[in-house]
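# Chain and residue survey
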Amino acid sequence: MTRDLLVVDRVIKRFGGLKAVGGDDGLSFTVPEGTFLGLIGPNGAGKSTTFNLISGVLKPDEGKVLLDGVDLAKARASEIAALGLGRTFQTPRAFPSLSVLDNVIVGADSAGERVGMAFSGRWRDSEGALRDKAAAVLARVGLSERINDHVGSLSGGELRMLEVARQLVRDPKILLLDEPTAGVDPSLQSKLSNILVDLHAEGRTLIVVEHNLHFLLRIADRVVVLQNGQLLSQGTPAEIKADEKVITAYLGADHAA
Ligand SMILES: Nc1ncnc2c1ncn2[C@@H]1O[C@H](COP(=O)(O)OP(=O)(O)OP(=O)(O)O)[C@@H](O)[C@H]1O
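Values in this document were obtained by computation on a predicted structure and should not be read as measured data. Numbering of residues begins from 1 in every chain and follows the order in which that chain's sequence is written. Note on the predicted model: pLDDT of at least 70 is required for a residue's local features to be given, and 80 or more for side-chain atom pairs to be given and counted; whole-chain, interface and lining totals, by contrast, use all residues. Remark: hydrogens and water are excluded; side-chain values derive from all non-hydrogen atoms of the structure.

### With respect to the overall build of the protein
Secondary structure elements are defined from DSSP: runs of H or I of at least 4 residues count as helices, runs of E of at least 2 residues count as strands, and each element is numbered from the N terminus. When helices and strands are counted, the protein shows ten helices and eleven strands. Accessibility here uses a 1.4 Å probe with only protein chains present; expressed as a share of the type maximum, an area under 20% marks a residue as buried, one over 50% as exposed, and anything in between as partly exposed. Looking at the protein as a whole, 48% of its 257 residues qualify as buried. The contact criterion used throughout is that any non-hydrogen atoms of two residues lie within 4.5 Å. Residue pairs in contact within the protein that sit at least 24 positions apart in sequence constitute 68% of those at least 6 positions apart. The accessible surface values rely on the Shrake-Rupley method and a 1.4 Å probe; as for residues, cover is taken only from the protein chains in view. Approximately 12000 Å² of the protein is accessible, and the part contributed by carbon and sulfur atoms is 50%.

So this is what it looks like as structure tokens:
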């Protein structure tokens, strides 16, 4: 049986006394290793808060989030990165004065690779390998022709692809993507969806928050639907599309057919 890589166990998160996530019993769901999970829900449902809880950015007021058995509330950011968790942000975070290639190299650096190599004297030998790895992930996201450009010249969609490349260079076991299709034109969206399908086929665990549920329902293998901070439904895309609760609360009557 596949083990659960991520366990959200009766989690409650409050802001100013109001529950953003959790409802009465707390939010619980599990993500088996190798799953491509889509996290959806209407505005204010608690998707971003849940996303921040499962990436260790926020700590729950009650309950636990376990990644590979480790309680994220007790782990340092470096420990979480060492568990193989990578995440992108709703607003892409790139270094505007650096080239596209250097942004990806810096992405690998935050995993401590360059620092470790510098200390061990392997820096010169490894610099070329790191550049090759960065160039390879940029090719994967379709940015080969932009590697020497400054990120300031990238479109919104290209910036999102750069975010994905900056995570991929670290070879994450579990990759969390926050609204990856926001501001991305249809041709890049289809490229992104192919990349996600490939990453999933490689055995990586993906968790993707999206407003664009048509995008997710086509490619995810499991979907969690939130409403008012609580679990409204979970299942395969086919089960979610057929779930009356979801249709009523979120999808709209046109999906019932
Ligand atoms: N930092 C915060 N301080 C106070 N309230 C917050 C904070 N973050 C979120 N909330 C509240 O928590 C609830 C859930 O918000 P959250 O952003 O997680 O929902 P969401 O599903 O991501 O919404 P959207 O689709 O609009 O991004 C909302 O009522 C929101 O106003």
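### Observations concerning the confidence of the model for the protein
By definition, pLDDT measures how confident the predictor is in each residue, and it falls between 0 and 100. With 89% of its residues at a pLDDT of at least 70, the protein reaches an overall mean of 87. The least confident element of the protein is helix H4 (residues 113–120), whose mean pLDDT is 50; the most confident is strand E3 (residues 27–32), at 97.

### Some thoughts on the layout of surface pockets
The computed volume of the largest pocket comes to approximately 460 Å³. Site definitions follow a grid-based scheme: protein atoms alone, a 1 Å grid, a 1.4 Å probe that fits but cannot get out for cavities, and for pockets an open set with protein on both sides within 12 Å along at least five of seven lines, plus lining residues having an atom within 4 Å of a point. If you go around the largest pocket, you meet 20 residues; those closest to its centre are Leu85, Arg87, Phe89, Gln167 and Arg170. When residues of the lining of the largest pocket are traced back to their parent elements, those giving at least two are helix H2 (77–82), strand E7 (85–87) and helix H6 (156–168). Top contributing element to the lining of the largest pocket by residue count: H2, with four residues. Basically, the charged four are Asp, Glu, Lys and Arg, the nonpolar ten are Ala, Val, Leu, Ile, Met, Phe, Trp, Tyr, Cys and Pro, and anything else, Gly included, counts as polar. Within the lining of the largest pocket, the residues separate by chemical class into seven nonpolar, seven polar and six charged. Residue ranges for the domains trace back to a domain assignment, done automatically or taken from a database. Taken domain by domain, the makeup of the lining of the largest pocket includes at least three residues from each of domain 1 (1–84 + 173–191 + 204–257) and domain 2 (94–171). Grid points are joined across faces, edges and corners, and a volume is the space filled by probe spheres set on the points.

### Things to note about the nonpolar core
Put simply, buried Ala, Val, Leu, Ile, Met, Phe, Trp, Tyr and Cys residues joined by side-chain atoms within 4.5 Å make one nonpolar core. If you look at the biggest cluster of nonpolar residues, it comprises 42 residues, and the most contacted ones within it are Phe36, Val104, Leu138, Val141, Leu162 and Leu196. Leaving out residues up to four positions away in the same chain, leucine 196 has contacts with Phe36, Leu177, Leu206, Val208, Phe215 and Ile219.

### Some details on helix H1 (residues 47–54)
Structural remark: α-helix, 3.6 residues per turn; residues separated by three or four positions point the same way. Taken across its eight residues, H1 has seven buried, putting it largely inside the fold. For H1, every residue scored as buried is listed here: Lys47, Thr49, Thr50, Phe51, Asn52, Leu53 and Ile54. Looking one or two places after H1, you find glycine 56, whose phi comes out positive at around 80°.

### Side note on the sheet that holds strand E9 (residues 205–209)
Any two strands between which DSSP finds at least two bridges are classified as paired. Judged by pairing direction, the sheet is mixed, and its six strands sit side by side in the order E7-E8-E9-E4-E10-E11 without closing on themselves. A single partner strand is all that each edge strand has here, and the edge strands are E7 and strand E11 (230–235). On average, each strand axis in the sheet is inclined to that of its neighbour by 15°, with strand direction left out of account. Pairing analysis gives four bridges linking strand E4 (residues 36–40) to E9, with the strands arranged parallel. From the neighbouring strand, leucine 39 faces E9, where its bridge partner is valine 209. Angular values range over 0 to 180 degrees, each being the angle between N-to-C directions of two axes fitted as lines to C-alpha atoms, with helices fitted over their stretch in contact.

### Structural notes on the site of the ligand
In the region of the ligand, the neighbouring residues are Phe15, Ala20, Pro42, Asn43, Gly44, Ala45, Gly46, Lys47, Ser48, Thr49 and His211. In protein, a polar contact means a hydrogen-donor-capable atom and an acceptor-capable atom, both N or O and within 3.5 Å, with residues adjacent in sequence counting only if both atoms are side-chain atoms; elsewhere, any N or O pair within 3.5 Å suffices. Glycine 46 is positioned such that a nitrogen or oxygen atom in its backbone is 2.9 Å from an oxygen atom of the ligand. For the ligand, whose accessible area on its own is 630 Å², the fraction buried by protein is 55%. It is H1 that contributes the most residues to the shell around the ligand, three residues altogether. Of the residues assigned to the shell around the ligand, the class counts are four nonpolar, six polar and one charged. Any residue with a heavy atom positioned within 4 Å of a molecule or strand is treated as near that molecule or strand.

### Here's the deal with H6
In a helix, the anticipated span is given by 1.5 Å times the number of residues less one. Its 13 residues place the ends of H6 19 Å apart at the C-alpha level, agreeing with the 18 Å of an ideal helix rising 1.5 Å per residue. Most of H6 is tucked away: eleven of the 13 residues are buried.

### Side note on the packing of aromatic side chains
The pairing test for Phe, Tyr and Trp rings, Trp by its six-membered ring, is centres within 6.5 Å, and the orientation test on the planes gives stacked under 30 degrees, edge-to-face over 60, and tilted for anything in between. Applying the stated rule across the entire model yields zero aromatic pairs. Our definition puts a charge over a ring when NZ of Lys or CZ of Arg is within 6 Å of the ring centre and also within 35 degrees of the ring normal. The ring of phenylalanine 89 carries the charged tip of arginine 87 above its face, separated from the ring centre by 4.0 Å.

### Quick notes on the pattern of salt bridges
By convention in these notes, a salt bridge is any Lys or Arg side-chain nitrogen within 4 Å of a carboxyl oxygen on Asp or Glu. Per the stated rule, a full pass over the model turns up twelve salt bridges. Put simply, glutamate 202 and arginine 140 hold a salt bridge, and the shortest N to O gap is 2.6 Å. In this pair, glutamate 202 sits in the loop between helix H7 (186–201) and E9 while arginine 140 sits in helix H5 (residues 123–140), placing the two residues 62 residues apart along the sequence. You can call arginine 140 partly exposed: its relative accessible area is 29%. The salt bridge partner of arginine 146 is aspartate 149, with a shortest N-O separation of 2.7 Å. The structure contains a network of salt bridges with shared partners spanning Arg3, Glu33, Asp68 and Lys173.

### Focus on the pairing of strand E8 (residues 174–178)
Burial of E8 is extensive: five of the five residues sit out of reach of the surface. Alternating residues of E8 divide into Ile174, Leu176 and Asp178 and Leu175 and Leu177, and every residue in both groups is buried. As judged from the three bridges shared by E7 and E8, these two strands associate in the parallel manner. Residue glycine 86 lies in a different strand from E8, and its bridge partner there is leucine 175. A clockwise course of the path from the first strand over the helix to the second, judged with the strands pointing away from the viewer, identifies a crossover as right-handed. As for the winding sense of the linkage, the β-α-β connection from E8 through H7 to E9 is right-handed.

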